[in-house]
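Okay, here's what each chain looks like letter by letter:
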Amino acid sequence: MLKTGFIRCVCVCVCVCVCVCVEEMARRAGRRYLRAFVSGFFVAVPVTVTVLDRLAYVARVEGNSMQPFLNPDGVSDCDVVLLNRWRVRNFQVQRGDIVSMVSPRNPQQNIIKRVIALEGDFIRTLGHKNRYVRIPDGHVWIEGDHHGHSLDSNSFGPVSVGLLHGHASHIVWPPNRWQRICPSLPPHRGPLHLDTTEEEEG
């Protein structure tokens with residue numbers, strides 16, 4: 001009996017020691033994981049900020065100037081788009097692209113419009129003071145798809161490419177609207193050929 005009791009006592013002591021060791025190891029592992037998480041967090045935040053600043057970010061589209069392509073159901077259910085900063089880093093845009101830019105009228109406001117014409121193109125305007133405009137170097141002509149409900153180049157003329165800060169590549173919200181945005185021009189909009197312009201002006 002004494003022997004059995006002694007063995008039981010030794011077993012209990014060993015179990016207690018093992019539990020203490022396991023608990024200590026868990027505490028140390030927990031500290032390691034916590035340190036790894038904290039250090040990873042402080043690395044991830046600047047990386048995320050850099051990604052958002054340099055590569056892409058999402059933005060909510062407000063208003064009806066880009067209807068029916070964006071916000072087809074009205075302002076009650078606004079689209080959210082992915083804006084690619086990297087795409088416009090060297091002002092690489094093409095006709096039909098939807099872009100975000102600083103408003104020429106209000107530097108505190110960002111606007112989203114469609115690129116209709118590039119530098120060197122001739123465009124027939126819709127309500128601009130000049131019927132035809134040649135797009136100067138370093139500029140683009142932008143319009144909203146909903147003519148008559150858009151403040152765009154027909155109001156303030158060609159826009160400097162330096163104001164561009166994002167290319168809309170996808171609609172990401174609402175889920176039923178998810179799609180890739182491909183460049184396209186509205187019907188009867190786009191640059192004119194020089195000979196056509198001269199004939200019509202003459």
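Preceding this paragraph is the structure being described.
Note that the structure is predicted; figures quoted are calculated from it, not measured.

Novice: Before we move on, can you summarise the pairing of strand 2 (residues 80-84) with the specific residues and values?
Specialist: As paired elements, strand 1 (residues 56-60) and strand 2 share 5 bridges and run antiparallel to each other. Within the sheet, the bridge partner assigned to Ala56 lies in strand 2 and is Asn84. Where strand 2 lies against strand 9 (residues 164-173), 5 bridges are found, and the strand directions are antiparallel. Its bridge partner being in strand 9, Val80 is matched across the sheet by Trp173.

Novice: Lay out the nonpolar core in plain terms, naming residues and giving numbers.
Specialist: Formed by 13 residues in total, the largest nonpolar core has its most connected members in Val93, Val99, Met101, Val115, Val140, Ile142 and Leu164. Put simply, the parts of the chain that give this core at least two residues each are strand 3 (98-102), strand 4 (110-117) and strand 7 (139-143). Contacts of Val93, omitting those with residues within four sequence positions, involve Val88, Val99, Leu118, Val140 and Leu164. Grouped together as the second largest cluster of nonpolar side chains are 11 residues, Val61, Val81, Ile98 and Ile171 included.

Novice: Any details on the layout of surface pockets? Residues and values, ideally.
Specialist: Approximately 390 Å³ is the volume attributed to the largest pocket. What lines the largest pocket is a set of 21 residues, among which Glu62, Gln109, Asn110, Ile111 and Ile112 lie closest to the centre. A total of 4 residues in the lining of the largest pocket trace back to one element, the largest contributor, which is strand 4. Residues of the lining of the largest pocket, tallied by class, amount to 9 nonpolar, 9 polar and 3 charged.

So, how was this worked out
Residues numbered from 1 in each chain as written. Predicted model: local features only at pLDDT ≥ 70, side-chain atom pairs only at ≥ 80, totals over all residues. Heavy atoms only, no water. Pairing = 2+ DSSP bridges. Helix = DSSP H or I, 4+ residues; strand = E, 2+ residues; numbered from the N terminus. Core = buried A, V, L, I, M, F, W, Y, C linked by side-chain atoms within 4.5 Å. Buried < 20%, exposed > 50% of the residue type's maximum accessible area, 1.4 Å probe, protein only. Contact = heavy atoms within 4.5 Å. 1 Å grid on protein atoms, 1.4 Å probe; cavity = no way out; pocket = protein on both sides within 12 Å on 5 of 7 lines; lining within 4 Å. Points joined across faces, edges and corners; volume = space filled by probe spheres on them. Nonpolar A, V, L, I, M, F, W, Y, C, P; charged D, E, K, R; others polar.

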